[in-house]
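Residues per chain are reported as follows:
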Amino acid sequence: TFLSKAFHTPASALLLAVLPSDVRHRVMSLTGIASSTGCMVVGFALIGVQDRLTTGAAFAVLSVVSGGMLAAMLWLDRAYTAELVTVLDTTRSDERPEAIEALHFIGYAERRRQVERLLADADEAVRMAAVAQAALLAPRDASALLMPLLSREEAPRVAASAARQL
């Protein structure tokens, strides 16, 4: 349960966020089946070794597995952030708002940098999506990003959305 809550759930949320919605449900179904199968295999393995494994050995094995999973999650987080930034830089404007929604899965400092950059984008839909993401930042950061936007924004929808977020 610990490994599932600590690693599987965040990794799934991270990976599923970048998938198109029509594919996402199939992947979620397959992931659920694989997760259940994995839990069953682990259960059988524990039953098989319960009399042969001392408490200290079990702790050592779990420590190694947890350390490996933590390293994998850190690597995955860095790779995901780099890929998301690449997608935001190279994707057509009409596809970028969907990618912008995935910003809430990356670290706070990088998310703030990306929101700030996207608030200056030429495309109105991209700026609208960036305003929505700015609302998820700390109030001080959101204000610092949205106040300058209000003074320069020419699109009424974006300006109204930014004003509502403040």
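Residues numbered from 1 in each chain as written. Predicted model: local features only at pLDDT ≥ 70, side-chain atom pairs only at ≥ 80, totals over all residues. Heavy atoms only, no water.

Student: Would you take a moment to explain the nonpolar core for this structure?
Tutor: The nonpolar side chains of soluble globular proteins are, as a tendency, buried together. If you look at the biggest cluster of nonpolar residues, it comprises 23 residues, and the most contacted ones within it are Leu84, Leu103 and Leu119. Mapped onto this core, the elements with two or more residues apiece are helix H3 (55–90), helix H4 (96–101), helix H5 (108–118), helix H6 (124–134), helix H7 (139–152) and helix H8 (156–165). When residues in this core are grouped by element, the largest group, five residues, is from H6. The contacts of Leu119, once residues within four sequence positions are left out, are Arg127, Ala130, Val131, Leu145, Leu146, Leu149 and Arg152. (Core = buried A, V, L, I, M, F, W, Y, C linked by side-chain atoms within 4.5 Å. Buried < 20%, exposed > 50% of the residue type's maximum accessible area, 1.4 Å probe, protein only. Helix = DSSP H or I, 4+ residues; strand = E, 2+ residues; numbered from the N terminus. Contact = heavy atoms within 4.5 Å.)

Student: How do you make sense of the side chain of Thr81 when you look at a structure like this?
Tutor: Structurally, the position occupied by Thr81 is in helix H3. Among all residues touching Thr81, those that are not within four sequence positions of it are Ile106 and Glu110.

Student: Is there a simple way to explain H7 in this structure?
Tutor: In an α-helix, one turn spans 3.6 residues; hence positions three or four apart end up facing the same way. Its 14 residues place the ends of H7 20 Å apart at the C-alpha level, agreeing with the 20 Å of an ideal helix rising 1.5 Å per residue. Residues of H7 that are buried: Asp141, Ala142, Leu145, Leu146 and Leu149. (Expected span 1.5 Å × (residues − 1).)

Student: Would you mind showing me how to read the packing of H5 against H6 here?
Tutor: To characterise two packed helices, one gives the angle between the axes of the helices and the distance between these axes. Taken N-terminus to C-terminus, the directions of H5 and H6 make an angle of 145°; their axes are 8 Å apart at the nearest point. Remark: the crossing between H5 and H6 carries left-handed chirality. Along the contact surface, H5 presents Arg111, Val115 and Leu118, while H6 presents Val126, Arg127, Ala130, Gln133 and Ala134. Looking at the contact of H5 with H6 residue by residue, the class counts come to five nonpolar, one polar and two charged. (Axes fitted to C-alpha atoms, helices over the stretch in contact; angles between N-to-C directions. Left-handed = near helix turned anticlockwise from the far one by under 90°. Nonpolar A, V, L, I, M, F, W, Y, C, P; charged D, E, K, R; others polar.)

Student: Got a minute to help me understand the packing of H7 against H8 in this structure?
Tutor: Between H7 and H8, the least distance of the axes is 9 Å, while the angle of their chain directions is 145°. Note that H7 runs across H8; the crossing there is left-handed. Contacts from Leu146, Leu149 and Leu150 in H7 reach Val158, Ala159, Ala162, Ala163 and Gln165 in H8.

Student: Can you walk me through the pattern of salt bridges in this structure?
Tutor: Following the criterion strictly, the structure yields six salt bridges and no others. A salt bridge links Arg112 to Glu116, with the shortest nitrogen-to-oxygen separation between them at 3.5 Å. With Arg112 and Glu116 both in helix H5 and four residues apart, the pair spans about one turn of that helix. Between Arg157 and Glu124 there is a salt bridge; the shortest N-O distance is 3.3 Å. Here Glu124 lies in helix H6 and Arg157 lies in helix H8, a separation of 33 residues in the sequence. Using a relative accessible area of 31% as the deciding quantity, one classes Glu124 as partly exposed. Through salt bridges with shared partners, a single network forms among Arg112, Glu116 and Asp141. (Salt bridge = Lys/Arg side-chain N within 4 Å of Asp/Glu carboxyl O.)

Student: Could you clarify how one ought to interpret the environment of Glu98 in this entry?
Tutor: Inspection of the secondary structure puts Glu98 in helix H4. Each C-alpha atom, one on Glu98 and one on Val126, is 9.3 Å from the other, the two residues being 28 residues apart in sequence.

Student: I would appreciate a short explanation of H6 in the present structure.
Tutor: Every buried residue of H6 is accounted for by Val126, Arg127, Ala129, Ala130, Val131, Gln133 and Ala134. Structurally, H6 contributes buried residues whose contacts are with H4, H5, H7 and H8. Residue Asp123 occupies the N-cap position of H6, its side-chain oxygen lying 3.0 Å from the main-chain nitrogen of Ala125. (Polar contact = N/O pair within 3.5 Å; in protein donor to acceptor, adjacent residues only side chain to side chain.)

Student: I would appreciate a short explanation of the confidence of the model for the protein in the present structure.
Tutor: Parts of the prediction with low pLDDT should not have their coordinates interpreted in detail. Taken residue by residue, the protein gives an average pLDDT of 83. The fraction at 70 or more is 87%. Predicted confidence in the protein is weakest over helix H1 (residues 2–16), with a mean pLDDT of 62, and strongest over H5, with 93. (pLDDT = per-residue confidence, 0-100.)

Student: How should a nonpolar patch on the surface be read in this particular structure?
Tutor: Where nonpolar side chains cluster on the molecular surface, the patch consists of Val42, Leu46, Val49 and Leu53 and spans about 320 Å² of accessible area. Relative to the helices and strands, Leu46 is located in helix H2 (residues 21–49). Classification of Leu46 as exposed rests on a relative accessible area of 51%. (Patch = residues over 30% accessible without salt bridge, like charges linked within 9 Å, V, L, I, M, F, W, Y side chains within 5 Å. Areas by Shrake-Rupley, 256 points an atom, 1.4 Å probe, with all protein chains shown as cover.)

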